[in-house]
Amino acid sequence: MSGNEKELHVDSVEFSYSSMRTLLTGGYLRLKVGDIIGLLGRNGTGKSTLMKIVFGIVRAHYAYIRINGKKVNRAFETKEVCYLPQDSFLPTSSLVKHMIDFMISDETFREGLYENEVLKPILKNKIAEISGGELRYLEILLLLHQPATFILLDEPFTGLSPVLKEKIQEHIVDSSRRKGILISDHDYMNVLDISNQLMLLENGGCRRIEKKEDLEMFYVPDGTFDGKSE
Ligand SMILES: Nc1ncnc2c1ncn2[C@@H]1O[C@H](COP(=O)(O)OP(=O)(O)OP(=O)(O)O)[C@@H](O)[C@H]1O
């Protein structure tokens, strides 16, 4: 199967945490190479939970998940999907360089990260010693350089300065030539800047948003995009 035909298809996701009302009732998603899908929704609507279900670390009561046409139960086992959780996942006592060596098997990518202008000065630092923004930047680059085709990014821009935010946006757009990327972020403008599709999670289901102005009907205050259409 060529890269461009690969697809992550998620449908009919039903889920509730034991203590609460039904959270997801029919979550839906279709992610292909070239897609950058912005997943928006109010706090607590279940965006992180949906990503965890898709990745396979939270088990849904029901979920139809297919990767490249094959039904899967735990997507992470296929190595076709990577997931950036909201909280840091790197061991704090490891050196930045060791993490690059451990996670990146492609030599060209590894050399590229050694020479990266943000990472080069901190290669010999421990993860515990770098700033929150540098850590987020490192984690995202490590994931974008994985061979997996589908990348799920939960709050990638948290803690990033405007400069690092812009660099990450460029890396995401560049990676989308070879990958399909799903992004959720509280600052929807960061997501709108680079997404080529938008999904809104509300009332347990995913609503496709055709153009950002339609978000004013469901998600952002009226007039948010007045005078801002390109
Ligand atoms: N492990 C858990 N056990 C019980 N309830 C949980 C658990 N994780 C999340 N929840 C609840 O499920 C709901 C959805 O949480 P989730 O983090 O998926 O939402 P979200 O849309 O990503 O929110 P936010 O935008 O605030 O990050 C929230 O009400 C949250 O409190």
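Basis of the calculations
- Residues numbered from 1 in each chain as written.
- Predicted model: local features only at pLDDT ≥ 70, side-chain atom pairs only at ≥ 80, totals over all residues.
- Heavy atoms only, no water.
- Near = heavy atom within 4 Å.
- Polar contact = N/O pair within 3.5 Å; in protein donor to acceptor, adjacent residues only side chain to side chain.
- Areas by Shrake-Rupley, 256 points an atom, 1.4 Å probe, with all protein chains shown as cover.
- Nonpolar A, V, L, I, M, F, W, Y, C, P; charged D, E, K, R; others polar.
- Axes fitted to C-alpha atoms, helices over the stretch in contact; angles between N-to-C directions.
- Helix = DSSP H or I, 4+ residues; strand = E, 2+ residues; numbered from the N terminus.
- Parallel < 35°, antiparallel > 145°, perpendicular 65-115°, else oblique.
- Left-handed = near helix turned anticlockwise from the far one by under 90°.
- Contact = heavy atoms within 4.5 Å.
- Pairing = 2+ DSSP bridges.

An unreviewed UniProt entry lists the chain under the name ATP-binding cassette domain-containing protein, with Sphingobacterium tenebrionis given as the organism.

Q: What's the story with the site of the ligand in this structure? I'm lost.
A: The environment of the ligand is formed by 13 residues, the closest being Asn 43, Lys 47, Ser 48, Thr 49 and His 186. At 2.9 Å, a side-chain N or O of Asn 43 approaches an oxygen atom of the ligand. A distance of 2.5 Å separates an oxygen atom of the ligand from a polar side-chain atom of Thr 49. Protein contacts shield 62% of the accessible area of the ligand, which totals 640 Å² for the unbound molecule. In terms of residue class, the shell around the ligand is built from 3 nonpolar, 8 polar and 2 charged.

Q: For this particular structure, what's the right way to read the packing of helix H2 (residues 96-103) against helix H4 (residues 132-144)?
A: The description of two helices packed together rests on the angle between their axes and the distance between the axes. As a packed pair, H2 and H4 sit with axes 10 Å apart at the nearest point and diverge in direction by 15 degrees. It follows from the interaxial angle that H2 and H4 lie roughly parallel. For the element pair H2 and H4, the recorded crossing hand is right-handed. Of H4, the residues touching H2 (which contributes Val 96, Met 99, Ile 100 and Met 103) are Leu 138, Leu 142 and Leu 143. Split into classes, the residues belonging to the contact of H2 with H4 amount to 7 nonpolar, no polar and no charged.

Q: Just checking my understanding: could you explain the sheet that holds strand S1 (residues 7-15) for this structure?
A: The strands making up a sheet associate through backbone hydrogen bonding, with each pair oriented either parallel or antiparallel. Judged by pairing direction, the sheet is antiparallel, and its 4 strands sit side by side in the order S2-S1-S4-S5 without closing on themselves. The outermost strands of the open sheet, each flanked by one partner alone, are strand S2 (24-32) and strand S5 (70-71). Relative to S5, strand S4 (residues 62-67) runs antiparallel, the two sharing 2 bridges. Of the residues in S5, the one forming a bridge with Arg 66 is Lys 71. Of the strands in this sheet, S1, S2 and S4 are in contact with helix H1 (residues 47-55), which crosses S1 at around 120 degrees.

Q: Looking at this structure, how should I read the pairing of strand S10 (residues 205-209)?
A: Looking along a regular strand, one sees the side chains alternate between the two faces of the sheet. Relative to S10, strand S9 (residues 197-202) runs antiparallel, the two being bridged by 5 bridges. Within S10, the residue paired with Leu 201 across the bridge is Cys 206.

Q: Would you explain the sheet that holds strand S6 (residues 81-84) in this entry?
A: Within the open sheet, the 6 strands sit side by side as S6-S7-S8-S3-S9-S10. Their pairing is mixed. Both edges of this open sheet fall to S6 and S10, since each of them pairs with a single strand only. Taken pair by pair, the neighbouring strands of this sheet meet at an average axis angle of 20 degrees, ignoring direction. One ladder, built from 4 bridges, connects S6 with strand S7 (residues 150-154); its direction is parallel. The residue bridging Leu 84 from the neighbouring strand is Leu 153, located in S7. The strands touched by H4 are S6, S7 and strand S8 (180-184); relative to S6, the strand with the most contacts, the crossing angle is about 175 degrees.

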